[in-house]
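# Observations on the three-dimensional arrangement
These are the residues of each chain, in order.
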Amino acid sequence: MSEAREQILAGIRRSLKRGRLDAARETELRDRVAAHRRNLVPARAAAVARVNSPAAVPEAVARYLAAENLPADLVLAPDLSLDDILWDARPLLRTRRGRAEAGDTVSLTRCFVAIAETGTLMLISGAETPTTLNFLPDTHIVLVYADQVVATYEDGWDRLRTDGGMPRAINFITGPSRTGDIEQRIELGAHGPRRLHIILVDDRQKATDGESK
Amino acid sequence: MRVALFVTCLVDFFRPTIGFAAVKLLEEAGCTLEVPRAQTCCGQPAYNSGDRADAKAIAVQVLDGFEGYDHVVVPSGSCAGMIRVHYPELFADDPAVLPRAERFAPRIWELVSFLVDICGMQTVDARWDHRVTYHDACSGLRELGVKDQPRRLLASVGGLTLKELPGAEICCGFGGTFCVKYPDISDKMVSDKEAEIVGSGAEAVLAGDLGCLLNIAGKLHRHGRRIEVRHIAEVLAGMTEEVPPIGLPR
Amino acid sequence: MLATSRAFEANARAGLANDNLQRALALMRTGFPQRRRLAVERLPEFEVLREIAKSIKDHTLEHLDFYLELFEENVLASGGQVHWARSPDEACAAVLAICRSVDARIVTKGKSMIAEEVGLNERLEKNGITTVETDLGEYIIQLRHEPPSHLIAPAIHLMKEQVAETFRAEHLALDPERSLAEARQLCDEARAVLRPRFLAADVGITGANFLVASTGSSIIVTNEGNGDLTQTLPRVHIVMTSLEKLVPTLEDATTLLRLLARSATGQEFSSYTTVSTGPRRPGDLDGPEQYHVVLLDNGRSALLGGEFQDMLRCIRCSACMNHCPVYAAIGGHAYGWVYSGPMGAVLTPSLIGVAEAGHLPNASTFCGQCESVCPVKIPLPKMMRHWREREFAEKLNPPVYRAGLSLWAWVAKRPALYHALVELASRALGWLGRGRGRFRTLPLANGWTAVRDLPAPEGRSFHSLWAERRNGGTVK
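Here the structure is a predicted model, which means the values were calculated and not measured.

With that settled, the discussion passes to the overall build of chain A. Assigned secondary structure in chain A consists of six helices and eleven strands. Over its C-alpha trace chain A gives a radius of gyration of 22 Å, far above what one expects of a compact globule, namely 17 Å for 213 residues. Judged by the C-alpha coordinates and their principal axes, chain A covers about 70 × 45 × 35 Å. Counting the 213 residues in chain A, one finds 35% classified as buried. The long-range fraction of contacts in chain A, counting pairs at least 24 apart against all pairs at least 6 apart in sequence, stands at 72%.

The structure is reproduced here in structure tokens:
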């Protein structure tokens, strides 16, 4: 299809009444892209709900599932940082590590950062963070640590750049699945998870108090 | 301040009282007013129909007749918008006339915004004991920012109470030739406007554009509604005794 | 997709007479504008962001060839492929070839207006490939064999009873006695019916709200999560998109994303905004093995550098149609093709020709609401007027109309004659109407009097009265 490519590019240049951009201009544009300058970023303040310590997570998950009348069966991301959590502390919580499959009802993942601007979670795909965990199960639980909360999307991009190249998928998640396609009525749980539950782990207070985790 | 009145084709033909109300208000505001005779139309019908050539010819006639004045005042947001906002666009590829259009544009004003924003009018002396609602004509609102000014002056009219329409800013369906090219769609739009006006409980509806008013009055009368329709200038100038509401006989 | 825009007048009349549609439009008319307004009020920087967004898009369009090449470079670098398509036929052929190469039987689709534009589903079905729309609105209209009637809510023209009727007629394996009275039940049923299709799909096709040149990424914005299931589960992900979706950097995309959801539904951000770059990486447990971008031109490159270039800034938010009183009266199907409302009125003639779509830019009062809510400040009425200029130049208007305009202009350029005629006419009509003050009917004015009375003139023209009252004093 390279003939199509050449024709399309030629058509663009013809419409703009010029030929190919000269090398100097191309360099300028590449520099502009590389600088990834921020445009105006709104000044928002958003509240984030705070919870306990990592040790309290299994308890919090079990309580949430019980309150929602959900089976205590979780698929957890292979994410190594979840190894620190003592899931065995709650033996009635059945856990499995891996990607999500058709029958899974509850998943639990970390996230890359949480964006305070709009209360949005940023999750990236990878060997330890399969994307299906974010979309297949009915309920998605996300563990956010306090030091993961950033102010804006641009902060998220900056952190991602220090991390390496682009992942296959970046999911910005702001609330559970919803649709307004029927008479403009908002219904949750169209195709993605019906429930999104965020557990914010803020152990900084305890650390400064000298208490062990 | 040498001020000229651009009467508009609709006011000239259908309802001269609006023109005289404008004269009265402008003279009360201290303007020395003239009405150049060589005026007919602003060119909008041709312009909106894609006939740039005729629109330009008519526009040049307007420039010839009016560019000598300090200000030109129009009792219609749509004609004022045409001249102020669209003449420069009309002559964008005409280097001979463009400078004239650009110099002229800032001196053309919709009537009520001129009274309030330029003449500094805060109140009027009129009295009209009516429950009134107001329709924001599209061009005046979106092209010229006419919103607060009519309300400010209406607030000073003795005995007048204003009930806002939830859809005050929604188009009434006139749109110049639109209302006769697409009468079914126009009918739906003006019916919605009618329903809101009736629902507001108002005894009268006012606006600053005669096109909208003819459309709205025509619909209200077709359904036998006893709601008075007038141009805001008639009320502000205290001239409601001089002419019946739009669509009623003397 | 086959266009019926030529039949706009009849289509519009049908829309006006359709009770279900009118009820649905009444819901829309209060819903979207109200929610957008609240979102805008909560973001003080909104107006400034609009201006920035406009300049990002303008910059990109001015250098579109550069950014397309950069985009392609980065897609290839991340393991994806790019297919350039000049026409709908080339786009369909590219998709078909990819599907055949993996023996695809079932294709799931996220919402893609480009796919509608090129008639993709039909082409795939003709070649023995089942296509399953997964966006709830698209799924509903797929079952009903209807085109979409709105940019982001394709089934907005339907009431829930109609959806229930369709589900009963199509989901025959389910209990006929089941209740489908509530939207909740309809959503749950769609979720259950479509889940196995997601899992069975060989190829997933999505659109793209944006393409990012600096990373070779595509971005989709959804609330349902269907786009994500469509692109994550199958072996192959195809992005069907067009040239003008490009933006230079992630930061540029972010600025536009801040405006998109707020302008569309009043949300600060959609439930799911996903940035996809290439196929799965080594070690990934899920994700597609292949990532393809089909880049459609279909007339867009020809709009650059001309009087319609601004239309290429469109980010498909639907704010214009949500605020348009004409759309709110007749619904989206009346426009007769893929794109409706004000953006459809401007874009459609450029894609399928002004002879076919000529009514669309004419059916507007130029009230200006669309332009005032467009997040990228497209001067929609101005461009509709440009179409009218083209039509006038090509003499596509009805002859009676042109004659009337010509006559009006001819007289208007002769003030003395004009004044004499106006005085004469206002006296005549004023006298005729003196009894009732208005006319129920009037020869030559049937377009007006069919639906409303015509108020009678006062009976004298302003200029004659002015001349009299001033006794020839200051009259020029």
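What follows deals with the interface of chain A and chain C. Taken together, the 62 residues of chain A in the interface contact 82 residues of chain C. At the level of elements, α1 (2-15), α2 (23-35), α4 (132-135), α5 (153-163), β8 (169-173), β9 (178-182) and β10 (185-188) of chain A are the ones that each hand at least two residues to the side of chain A that touches chain C. Looking at which element gives the most residues to the side of chain A that touches chain C, the answer is α1(A), with nine residues. Its residues assigned to classes, the side of chain A that touches chain C comprises 25 nonpolar, 22 polar and 15 charged. The pairing of β8(A) with strand β9 (residues 272-276) of chain C spans five bridges and is antiparallel. Counterpart to I170(A) in the pairing with β9(C) is V275(C).

Once that is clear, we can look at the sheet that holds strand β5 (residues 210-212) of chain C. The eight strands lie next to each other as β7(A)-β4(A)-β5(A)-β8(A)-β9(C)-β6(C)-β5(C)-β8(C), forming an open sheet whose pairing is mixed. Sheet topology places β7 (149-150) of chain A together with β8 (246-247) of chain C at the edges, where each strand pairs with a single neighbour. Its contacts with the sheet place helix α12 (residues 250-264) of chain C against β5, β6 (217-222), β8 and β9 of chain C, and it is angled at close to 165 degrees to β5(C).

Moving on, we get to the pairing of β9(A). The side chains of a regular strand alternate, residue by residue, between the two faces of the sheet. Residue and element names in this part refer to chain A. Burial within β9 is extensive, with five of its five residues counted as buried. Note that β9 and β10 share three bridges and pair antiparallel. Within the sheet, the bridge partner assigned to T179 lies in β10 and is E187. The hairpin turn running from β9 into β10, its antiparallel successor, is two residues long, and E183 in that turn takes a positive phi close to 50 degrees.

What follows covers helix α2 (residues 19-41) of chain C. All names here are of chain C. Helix length check: α2, at 23 residues, gives a terminal C-alpha distance of 34 Å against a target of 33 Å (1.5 Å per residue), a fit within 8%. Of all the positions in α2, only L21, A24, L25, M28, R29, F32 and R36 are classed as buried. Lining the buried residues of α2 we find α1 (8-17), α12, α14 (319-323), α15 (325-330) and α19 (369-373).

Turning our attention to the interface of chain C and chain B. When the parts come together, some accessible area is lost, and that loss is often what is quoted as the size of the interface. The interface of chain C with chain B comprises 54 residues on the first partner and 61 residues on the second. For the side of chain C that touches chain B, the secondary structure elements donating two or more residues are α1, α15, α20 (380-393), α21 (399-412), α22 (415-432), α23 (446-449), β12 (454-455) and α24 (462-470) of chain C. Grouping the constituent residues of the side of chain C that touches chain B by class yields 28 nonpolar, twelve polar and 14 charged.

Of all hydrophobic cores here, the largest spans 271 residues; its most connected members are A22(B), V73(B), L236(B), L256(C) and V294(C). Residue contributions to this core peak at eight residues, all from α12(C). Ignoring sequence-local partners within four residues, the contact set of V294(C) consists of H83(C), A85(C), A91(C), A94(C), V95(C), I238(C), V239(C), M240(C) and T241(C).

Once that is clear, we can look at the domain arrangement of chain A. Under the domain assignment, chain A is made up of domain 1 (2-35) and domain 2 (54-209). Each of domain 1 of chain A and domain 2 of chain A was reduced to a C-alpha centroid, and the two centroids are 42 Å apart.

Under the 1.5 Å per step criterion, the end-to-end length of α22(C) is 25 Å for 18 residues, consistent within 8% with the ideal 26 Å. Buried residues along α22(C) sit against α1 (9-14) of chain B together with α21 and α24 of chain C.

Turning next to the sheet that holds strand β1 (residues 73-76) of chain A. Residue and element names in this part refer to chain A. The strand order across the open sheet formed by five strands is β2-β1-β3-β6-β11, and the pairing between neighbours is parallel. Looking at which strands have only one partner, the edges of the open sheet turn out to be β2 (94-97) and β11 (195-201). Taking each pair of neighbouring strands and ignoring which way they run, the sheet shows an average axis angle of 25 degrees. The pairing of β1 with β2 spans four bridges and is classified as parallel. Within β2, the position partnered with V75 by the bridge is R96.

Criteria and thresholds
Residues numbered from 1 in each chain as written. Chains lettered and ligands numbered in written order. Predicted model: local features only at pLDDT ≥ 70, side-chain atom pairs only at ≥ 80, totals over all residues. Helix = DSSP H or I, 4+ residues; strand = E, 2+ residues; numbered from the N terminus. Rg over C-alpha atoms; globule rule 2.2 N^0.38 Å. Buried ≥ 20, exposed ≤ 12 C-beta atoms within 10 Å, placed from the backbone. Contact = placed C-beta atoms within 7 Å. Nonpolar A, V, L, I, M, F, W, Y, C, P; charged D, E, K, R; others polar. Pairing = 2+ DSSP bridges. Axes fitted to C-alpha atoms, helices over the stretch in contact; angles between N-to-C directions. Expected span 1.5 Å × (residues − 1). Core = buried A, V, L, I, M, F, W, Y, C linked by C-beta atoms within 7 Å. Domains from an automatic or database assignment.

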